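Chain by chain, the residues run as shown.
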Amino acid sequence: MKKFVYMDAAASWLKPQSVIESEADFLRNSYANAGRGICARAGLVDTLIDDARGKVADFIGADKENIVWTSGTTDGMNRIVNILTSQPSYAELSTFAVSDLDHHSARLPWENLFHSGKVRKEFICDLDENFNIKLDSIPKTDFLIITAMSNVMGVAQDVAGIIRAARLKNPKVITIVDAAQYVAHEKIDVKKWDCDFCVFSGHKIGSDTGVGVLYIRDTNLFPDKYGGGMVNRINGNNIVLNKSPEKFEAGTLPITQIVGLPYAIDYCKNWDGGQDIIHYIYDELSKIENIKLLTVRDSVMISFVPQSMHVIDFGAMLGAKGICVRVGNMCASWIHKKLNIDGSVRVSPGPWNTMDDAKYVVDVIKGLVA
Ligand code: PLP
C-alpha cells in the first residue's frame with residue numbers, strides 16, 4: 001500500500017479513538033438536545049455538557065461561568081468583536097493593536113471594523129529578530145489582539161508579559177488572546193495571563209470540528225446573539241437573560257462535539273509534543289542548501305521555503321508522495337509579507353506520527369530538492 005503521512009497537525013488533528021467512540025456512543029445511546037428537556041435523558045445531556053465545560057475550565061485555569069461554546073477560533077474571534085461593539089459603552093473612537101503574527105481570523109474582524117469607520121486607528125506591534133512581540137512597541141490602545149503562538153513560527157509568546165506591558169500604557173485595555181496553536185503545546189492559564197478573552201478550536205487538539213472555546217472574563221457583558229436557551233423570561237419589553245455562560249449561547253449547541261472534547265483534552269495533555277520528530281526533521285533539512293528554514297529548532301512546527309520551486313508545486317509533489325502538509329500563506333499573510341515571501345511549507349507533527357514518518361518525509365523532501 002502507498003505510504004500516507006499526515007503531518008499537518010497545526011491545520012487540524014487526526015482524531016483519537018476515545019473521541020470517535022465517545023461521540024458514536026453518545027449519538028447511538030444518549031442523544032437529546034441540551035438545556036431544553038426535563039426527561040432523564042435530557043438531564044444526562046445537560047450533565048455531559050456541564051462536565052465538559054468544567055473540564056475546559058480546569059484546562060485553561062478558568063471558572064465554568066466564563067467558558068462559552070463556539071464553533072471554533074474564527075467564530076470566537078468574530079464574536080468577541082460583535083460582543084464588544086454590542087456594548088452600550090462601546091466608543092467608535094477606539095483604537096486596536098495587532099501584530100504581523102496574526103492569523104486572518106484574529107486580525108481581519110478588527111480591520112473590517114477599521115475600514116468601516118468603527119474603530120479609529122490600527123497599531124501594529126513590532127517583532128524582534130526571534131518573532132517575539134517587542135514589549136516596548138506595545139502602544140496605548142483600547143484593544144490588543146495577541147497571537148499566543150503563530151501558526152507559521154510555532155513559538156510561544158510571553159502572553160502575560162505582553163498584557164502587563166499593555167496595561168502599563170492603558171490599565172483598561174481589553175486583551176484578546178488567540179490560543180488556536182498555543183493550546184496544543186503549552187499550558188493556558190487565563191488568570192495568570194490576566195486576559196479579557198481567549199479562544200481556541202477543539203479540532204486542533206483532537207476533538208471534532210464545529211466546537212470551540214471562548215473565555216470571557218467579564219460575564220456582565222451584553223451578548224451578541226439572541227435566541228433560544230439564553231433567555232430566562234420575557235415580561236413585555238423586559239427580556240431577562242440567563243446568567244453566563246448560557247446568555248452567550250443562543251441556539252442549539254454542537255452537543256456531540258462538546259461531548260467528545262474532554263477526551264481530546266486528555267489526549268492532548270498526554271502528548272509529549274513530538275520534539276524528537278521535529279528535531280530530526282529540522283536537523284536534516286538544515287543540511288540542505290536549497291531550503292530556507294523559517295523556524296527555530298525548538299519550534300513546534302517546521303516552516304521552510306524551498307529555493308528551487310514554488311511552495312504550491314512543492315506541496316503538490318509532496319502530496320503525490322502521500323505526504324499531507326500545509327503550503328501557502330497559511331492564512332497568515334502578514335508574516336509572509338514581512339519576510340518578503342508568498343508562502344511557505346509547514347510540517348507539523350501530531351501524536352500519531354512516528355520516527356518512520358519523519359524519515360519518510362525527510363527522504364521525500366531530499367529527493368525533491370536534489
Ligand atoms: N488562529 C490561528 C493561530 C490558527 O492557526 C488558526 C487555524 O489555523 C485559526 C486562528 C483559525 O482556527 P479555525 O479555523 O479553527 O477557526
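Residues numbered from 1 in each chain as written. Predicted model: local features only at pLDDT ≥ 70, side-chain atom pairs only at ≥ 80, totals over all residues. Heavy atoms only, no water.

Draft legend 1. A look at the domain arrangement of the protein. By the assigned domains, the protein splits into domain 1 (5–15 + 273–369) and domain 2 (32–269). Each of domain 1 and domain 2 was reduced to a C-alpha centroid, and the two centroids are 29 Å apart. Listed as interface residues are 27 residues of domain 1 and, on the opposing side, 28 residues of domain 2. Note on domain 1 versus domain 2: buried area summed over both sides is about 2300 Å², and carbon and sulfur give 61% of it. For domain 1, the biggest contributors to the area lost against domain 2 are Trp13, Trp334 and Ile335; these three give 33% of the whole. The interface formed by domain 1 and domain 2 holds zero salt bridges in total. For the pair domain 1 and domain 2, the number of links is 17 residue pairs in polar contact (both at pLDDT 80 or more). At the level of secondary structure, the elements contributing two or more residues to the side of domain 1 that touches domain 2 comprise α10 (333–338) and β15 (344–347). Looking at the side of domain 1 that touches domain 2 element by element, the count peaks at five residues for α10. A class-by-class count of the residues in the side of domain 1 that touches domain 2 yields 16 nonpolar, eight polar and three charged. (Domains from an automatic or database assignment. Contact = heavy atoms within 4.5 Å. Buried area = accessible area lost by both parts, 1.4 Å probe. Salt bridge = Lys/Arg side-chain N within 4 Å of Asp/Glu carboxyl O. Polar contact = N/O pair within 3.5 Å; in protein donor to acceptor, adjacent residues only side chain to side chain. Helix = DSSP H or I, 4+ residues; strand = E, 2+ residues; numbered from the N terminus. Nonpolar A, V, L, I, M, F, W, Y, C, P; charged D, E, K, R; others polar.)

Draft legend 2. Up close: the packing of aromatic side chains. For the coordinates displayed, the defined rule picks out twelve aromatic pairs. Centroid distance Tyr6 to Trp352: 5.8 Å. Interplanar angle 50 degrees. Geometry classified as tilted. On the criterion of sequence distance, the pair formed by Tyr6 in strand β1 (residues 5–6) and Trp352 in the loop between β15 and α11 (355–369) is long-range, its members being 346 residues apart. A centroid spacing of 6.3 Å and a plane angle of 25 degrees characterise the contact between Tyr90 and Phe143, whose relative ring orientation is stacked. Taken together, the residues Tyr90 in the loop between α3 (73–86) and β3 (95–99) and Phe143 in strand β5 (residues 143–147) connect sequence positions 53 residues apart. With respect to burial, Tyr90 and Phe143 carry one shared label: buried. Taken together, the ring pairs in this structure connect Tyr6, Trp13, Tyr267, Trp271 and Trp352 into an aromatic cluster. In this arrangement the basic side chain of Lys3 is found over the ring face of Tyr360, its NZ or CZ atom lying 5.7 Å from the centre. The ring of Trp334 is capped by Arg107, whose NZ or CZ atom sits 4.0 Å from the centre of that ring. (Phe/Tyr/Trp six-rings, centres within 6.5 Å; stacked < 30°, edge-to-face > 60°. Buried < 20%, exposed > 50% of the residue type's maximum accessible area, 1.4 Å probe, protein only. Lys NZ or Arg CZ within 6 Å of the ring centre and 35° of its normal.)

Draft legend 3. Structural view of the pattern of salt bridges. Taken as a whole and assessed by the stated rule, the structure comprises 17 salt bridges. The salt bridge involving Arg107 is made with Asp100; its shortest N-O contact spans 3.1 Å. The partner of Arg297 in a salt bridge is Asp283, and the shortest N-O contact between them spans 2.8 Å. Taken together, the residues Arg297 in the loop between β11 (291–293) and β12 (302–306) and Asp283 in helix α8 (residues 275–286) connect sequence positions 14 residues apart.

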